[in-house]
Amino acid sequence: MPARNDEANEAVLFTLDDGIAHVTLNRPHCRNAISVETANTLTALWSRIEADPHTLAVVLDAADCGVFCAGMDLKEMAAIRAKGDDPLALMHDPFQQRLQTLSKPVVCALVGHFAGAGMLLAMGADVRIAMRGTTAAISEVRFGRGTPWAVPLLWMLPQPVLSEMMLTGDPVPVEDLARYGFVNHLEDRVEDVRDHAFATARRIARNAPLSVRAAKASLAAGMDLGRVAGLARAAELHRDVYASDDASEGPRAFSEGRAPRWTGR
């Protein structure tokens with residue numbers, strides 16, 4: 001992986017290597033809490049990743065401190081409010097909706113506990129790898145904050161479970177979230193979580209890019225539109241896939257016993 005410069009002074013780290021974008025929350029001194037700078041940097045990175053044809057998948061993780069993300073930086077929020085300003089108004093995309101619409105697959109390496117905005121970021125990923133013995137929380141009710149961003153979780157968690165998390169703010173063992181299907185895989189060590197996430201991203205990146213993009217978009221269409229309209233939209237999304245050069249290259253490579261050479265066309 002390419003070296004990163006001046007890591008101590010960057011709220012978010014970014015590298016791109018062999019088609020894999022690596023985005024790292026880098027505020028371990030405050031448990032990787034999301035500041036205004038962090039939020040705006042992430043928003044800019046999602047747009048940069050979306051526009052880059054060389055980016056095939058994303059790994060989102062955090063600096064090691066036992067916490068993937070503790071939520072919003074409440075101390076900074078208090079300081080901003082003391083000046084009469086609204087911290088959310090200083091963020092270009094306070095609920096990271098750009099992440100929700102990213103066409104590139106995102107694998108989240110949950111390298112510690114996650115709460116609030118940490119849960120929001122995990123929700124925005126397509127695949128989640130977490131560490132045993134950690135917890136997750138939607139803790140906004142404990143701090144007078146709100147959770148308008150949590151609606152998509154209705155498609156990811158049982159409604160009674162989600163209700164209890166949102167209404168109590170209590171942490172939930174990540175093992176429970178794995179049982180409910182929100183977390184794909186559990187590992188015992190931080191290194192294993194990160195390695196598993198990168199291995200998954202590399203497997204995604206080896207696949208036909210048009211097929212990957214249409215697969216992700218089809219799932220989002222199904223959530224938005226329902227079964228019948230979602231199926232119709234998925235068929236539209238796959239027209240270019242079936243008509244592409246890659247649709248011929250895949251079977252040809254298989255019959256010739258070689259790895260496919262995708263062009264994305």
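Values in this document were obtained by computation on a predicted structure and should not be read as measured data.

J.: Quick rundown of the overall build of the chain? Include the residues and the values.
T.: Helix and strand content of the chain: 10 helices and 10 strands. Relative to its length of 265 residues, the chain is compact, with a C-alpha radius of gyration of 19 Å against a globular reference of 18 Å. Along the three orthogonal principal directions, the C-alpha set of the chain runs to about 65 × 45 × 40 Å. Considering the chain as a whole, with its 265 residues, one finds that 48% of them fall into the buried category. Relative to all contacts within the chain whose residues are 6 or more apart in sequence, the contacts with residues 24 or more apart total 65%. Roughly 13200 Å² of accessible area belongs to the chain as shown, and the carbon and sulfur atoms make up 54% of that amount. In the chain, 28 positive and 33 negative side-chain charges are present, and the distance between their average locations comes to 3 Å.

J.: Describe the state of the cysteines, listing the residues and the values that go with them.
T.: All chains considered together, the criterion is met by zero disulfides. C65 provides the cysteine sulfur closest to C30, a residue in no disulfide bond, and the two sulfurs are 8.4 Å apart. Not engaged in a disulfide, the cysteine C69 finds its nearest cysteine sulfur in C30; these two sulfurs lie 9.0 Å apart.

J.: Residues and numbers for the nonpolar core, please.
T.: F68, F114, M119, L153, L177 and F182 are the most contacted members of the largest nonpolar core, which totals 66 residues. In this structure M119 touches F114, A136, A137, I138, W149, L153, L157, M165, L177 and F182, once residues within four positions along its chain are discounted.

J.: Describe the sheet that holds strand β10 (residues 185–187), listing the residues and the values that go with them.
T.: What the six strands build is an open sheet, ordered β1-β2-β3-β5-β7-β10; its pairing is mixed. Taken across any chain shown, the strands that pair with only one partner, and hence form the sheet edges, are β1 (12–17) and β10. Sheet twist, expressed as the mean angle between neighbouring strand axes with direction ignored, is 20°. Two strands pair when backbone bridges link them, and strand β5 (residues 106–110) and strand β7 (residues 127–131) are joined in this way by four bridges, in the parallel orientation. What sits directly across from A109, in β7, is I129.

J.: Outline the confidence of the model for the chain, listing residues and values.
T.: Of all residues in the chain, 97% have pLDDT values of 70 or greater, and the mean over the chain is 95. Note on residues 1–6: pLDDT is under 50 here. Beyond four places in sequence and across chains, it has 13 contacts.

J.: Requested: an account of the environment of F143, with residues and values cited.
T.: Within the element layout of this structure, F143 appears in the loop between β8 (135–137) and α5 (159–168). Residue classification places F143 among the partly exposed positions, given a relative accessible area of 49%.

J.: Go over the pairing of β5 with me, naming the residues and quoting the values.
T.: Taking burial as the measure, the five residues of β5 include five buried ones, the bulk of the element. Every second residue of β5 is oriented toward a common face, with V106, C108 and L110 on one face and V107 and A109 on the other, all of them buried. By the bridge criterion, three bridges tie strand β3 (residues 57–62) to β5 in an arrangement that is parallel. Paired with L60 across the strands is C108, a residue of β5.

J.: Now, about the packing of aromatic side chains: what can you tell me, with residues and values included?
T.: Taken as a whole, this structure holds zero aromatic pairs when the rule is applied. For R128, the ring lying beneath its charged end belongs to F182, and the centroid distance is 4.1 Å.

J.: Tell me about the sheet that holds strand β4 (residues 67–69), and please be specific about residues and values.
T.: The strands that make up a sheet pair up through hydrogen bonds in the backbone, lying either parallel or antiparallel. As summarised here, the arrangement of the four strands in space is β4-β6-β8-β9, forming an open sheet in which the pairing is mixed. The strands lining the two open edges of the sheet, one partner per strand, are β4 and β9 (172–173). One ladder, built from two bridges, connects strand β6 (residues 113–115) with β8; its direction is parallel. If you follow F114 over to β8, its bridge partner there is A136.

J.: Let's hear about the pairing of β7: which residues, and what values?
T.: Looking along a regular strand, one sees the side chains alternate between the two faces of the sheet. Judged by how many residues are buried, β7 sits mostly within the fold: five of five residues are covered. Side chains V127, I129 and M131 of β7 all project onto a buried face; the interleaved residues R128 and A130 project onto the opposite face, where all are buried too. As judged from the three bridges shared by β7 and β10, these two strands associate in the parallel manner. Looking across to β10, one finds that M131 is bridged to E187.

J.: Describe helix α8 (residues 209–225), and please don't skip the residues or the numbers.
T.: With 17 residues, α8 ought to run about 24 Å at 1.5 Å a step, and its terminal C-alpha atoms sit 24 Å apart, in line with that. Regarding α8, the residues found buried are V212, A214, K216, S218 and A221. Buried residues in α8 make contact with β5, α7 (190–205) and α9 (227–242). Two residues or fewer after α8 comes G226, characterised by a positive phi angle close to 90°.

The rules behind each value
Residues numbered from 1 in each chain as written. Predicted model: local features only at pLDDT ≥ 70, side-chain atom pairs only at ≥ 80, totals over all residues. Heavy atoms only, no water. Helix = DSSP H or I, 4+ residues; strand = E, 2+ residues; numbered from the N terminus. Rg over C-alpha atoms; globule rule 2.2 N^0.38 Å. Buried < 20%, exposed > 50% of the residue type's maximum accessible area, 1.4 Å probe, protein only. Contact = heavy atoms within 4.5 Å. Areas by Shrake-Rupley, 256 points an atom, 1.4 Å probe, with all protein chains shown as cover. Lys, Arg positive; Asp, Glu negative; His and termini not counted. Charge placed at Lys NZ, Arg CZ, Asp CG, Glu CD. Disulfide = S-S within 2.5 Å. Core = buried A, V, L, I, M, F, W, Y, C linked by side-chain atoms within 4.5 Å. Pairing = 2+ DSSP bridges. Axes fitted to C-alpha atoms, helices over the stretch in contact; angles between N-to-C directions. pLDDT = per-residue confidence, 0-100. Phe/Tyr/Trp six-rings, centres within 6.5 Å; stacked < 30°, edge-to-face > 60°. Lys NZ or Arg CZ within 6 Å of the ring centre and 35° of its normal. Expected span 1.5 Å × (residues − 1).

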